[in-house]
Amino acid sequence: MAFYIALAVFAIIGIYIYTSTSRRAVSPFPEEWKPLLSENVVYYRNLTPERQAVFRKKIMQFLSEVYIDGVSTEITDLDKILIAASAVIPVFGFKEWHYYNLSGVLLYPDHFNHDLEFADNINDRNIGGLIGTGRFEKQMVLSRRALYHGFRNITDKSNTGIHEFVHLIDKMDDMTDGVPEHIMQQEYVVPWLDLIHREMEAINDDDSDIRKYGATNRAEFFAVASEYFFERPGLLKRKHPELYRMLTSFFKQKPKPIK
């Protein structure tokens, strides 16, 4: 597995060199991608034609700024679409957005462990995505299996791609702490912290339908709650109205319920 780790590090170095020395032009959205986007991203299908056009432009803007590379796998058009959609969905309410804290995404074919190992004979391969720190700063690592599952299962309130990009939004103020100061007004900080505390207590008491990983810490609660918000907004509004109102304020949007 040392080979895979070395390969990952080499790819990251390549991404850094590429993104630090060049910036690609924003290309038109390929016509052949439109069916892939519509078939695989419910959020996009729920938009009006005018907003769909904006969504496509934002996808191409993201792809012009962030390099995507595969580890032991070839990157497909659908890979690019789903990664970019994961990035665009949580910030679609903002007129302009750039992930200044991200330069590249590494896509693994399957779940991996903390050493970025993913072979079938490796234990603890339970990570679907992570944002890097230290030598992996400004990098994201995603599992293709987890990424695809997040868009195919539209009822489980979970989406790994959105989860990781919400972490990046949280980290825009240099702290991944569940308080996204870059997108929230100051007067919301205390009420938000109070709400997180109550919701995490409910999760720990088995009195919540928010998945248990959300009780790990404040950062994970924000990411897990955001997945719920974008995957099942109607259900979240009904079961957690205060949380729903907070998230609509932060993300400046009200996603349409699944049809």
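Above this text sits the structure in question.
Our subject in this report is the structure included herewith. (Residues numbered from 1 in each chain as written. Predicted model: local features only at pLDDT ≥ 70, side-chain atom pairs only at ≥ 80, totals over all residues. Heavy atoms only, no water.)

### With respect to the overall build of the protein chain
A count of helical and extended segments in the protein chain gives eleven helices and four strands. Per-residue burial over the protein chain gives 54% buried out of 259 residues. The contacts in the protein chain between residues at least 6 apart in sequence include a share of 67% that link residues at least 24 apart. Working note: accessible area of the protein chain is about 12700 Å², and carbon and sulfur atoms make up 51% of it. (Helix = DSSP H or I, 4+ residues; strand = E, 2+ residues; numbered from the N terminus. Buried < 20%, exposed > 50% of the residue type's maximum accessible area, 1.4 Å probe, protein only. Contact = heavy atoms within 4.5 Å. Areas by Shrake-Rupley, 256 points an atom, 1.4 Å probe, with all protein chains shown as cover.)

### Quick word on empty space enclosed by the protein
Taken as a whole, this structure holds one cavity of 30 Å³ or more when the rule is applied. Roughly 140 Å³ of internal volume is contained in the largest cavity. Around the largest cavity, the lining is made up of 15 residues, and of these Val 42, Tyr 43, Phe 230, Glu 231 and Ile 258 lie nearest the centre. Among the secondary structure elements, those contributing two or more residues to the lining of the largest cavity are α3 (42–45), α6 (144–152) and α9 (218–231). Per-class residue counts for the lining of the largest cavity are ten nonpolar, three polar and two charged. (1 Å grid on protein atoms, 1.4 Å probe; cavity = no way out; pocket = protein on both sides within 12 Å on 5 of 7 lines; lining within 4 Å. Points joined across faces, edges and corners; volume = space filled by probe spheres on them. Nonpolar A, V, L, I, M, F, W, Y, C, P; charged D, E, K, R; others polar.)

### Comments concerning the pairing of strand β2 (residues 104–108)
Among the five residues of β2, five are classified as buried, and the element is accordingly described as predominantly covered. Alternating residues of β2 divide into Gly 104, Leu 106 and Tyr 108 and Val 105 and Leu 107, and every residue in both groups is buried. Pairing geometry for strand β1 (residues 67–70) and β2, over four bridges, is parallel. Across the sheet, residue Gly 70 finds its bridge partner in β2, namely Leu 107. With respect to chirality, the unit in which β1 leads through helix α5 (residues 77–88) into the neighbouring parallel β2 is left-handed. Here β2 runs beside strand β4 (residues 139–143); their pairing, made up of five bridges, is parallel. When the bridges of β4 are listed, Tyr 108 appears paired with Ser 143. (Pairing = 2+ DSSP bridges. Right-handed = clockwise from strand over helix to strand, strands pointing away.)

### Considering the packing of α5 against helix α7 (residues 160–170)
Two numbers describe how α5 lies on α7: the axes approach to 8 Å, and their chain directions differ by 45°. In terms of axis orientation, α5 runs oblique to α7. α7 is crossed by α5, and the crossing has right-handed handedness. Seen from α5, the contacting residues are Ile 83, Ser 86 and Ala 87; seen from α7, they are Gly 161, Ile 162 and Phe 165. Classifying every residue of the contact of α5 with α7 by side-chain character gives four nonpolar, two polar and no charged. (Axes fitted to C-alpha atoms, helices over the stretch in contact; angles between N-to-C directions. Parallel < 35°, antiparallel > 145°, perpendicular 65-115°, else oblique. Left-handed = near helix turned anticlockwise from the far one by under 90°.)

### Considerations on unusual backbone geometry
Despite not being glycine, Lys 157 shows a phi value in the positive range, around 65°. Summarising the element assignment, Lys 157 is placed in the loop between α6 and α7. Although it is not a glycine, Asp 206 sits at a positive phi angle of roughly 55°. The exposure class assigned to Asp 206 is exposed, which follows from its relative accessible area of 57%.

### Some words on the nonpolar core
Counting 70 residues, the largest nonpolar core has Phe 55, Phe 62, Tyr 99, Trp 192 and Leu 247 as the members making the most contacts within it. Discounting chain neighbours no more than four positions away, the residues touching Trp 192 are Gly 178, Val 179, Pro 180, Met 184, Phe 221, Phe 222, Leu 243, Met 246, Leu 247 and Phe 250. Formed by nine residues, the second largest nonpolar core is a distinct cluster that contains Val 71, Tyr 108, Phe 112 and Phe 118. (Core = buried A, V, L, I, M, F, W, Y, C linked by side-chain atoms within 4.5 Å.)

### Describing helix α8 (residues 189–204)
The terminal C-alpha atoms of α8 lie 23 Å apart, and with 16 residues this matches the ideal 22 Å at 1.5 Å per residue to within 8%. Against α9 and α11 (241–251) lie the buried residues of α8. Positive backbone phi, at 55°, marks Asp 206, one or two positions downstream of α8. (Expected span 1.5 Å × (residues − 1).)

### Topic: the layout of surface pockets
Considering only enclosed or pocket space, the largest pocket measures out at about 610 Å³ in volume. Along the wall of the largest pocket there are 23 residues; nearest its centre are Ile 127, Gly 129, His 163, Glu 164 and Tyr 213. When contributions to the lining of the largest pocket are tallied by element, the ones reaching two or more residues are β3 (129–131), α6 and α7. Top element by residues in the lining of the largest pocket is α7. It accounts for four residues. Among the residues forming the lining of the largest pocket, the class breakdown is five nonpolar, 14 polar and four charged.

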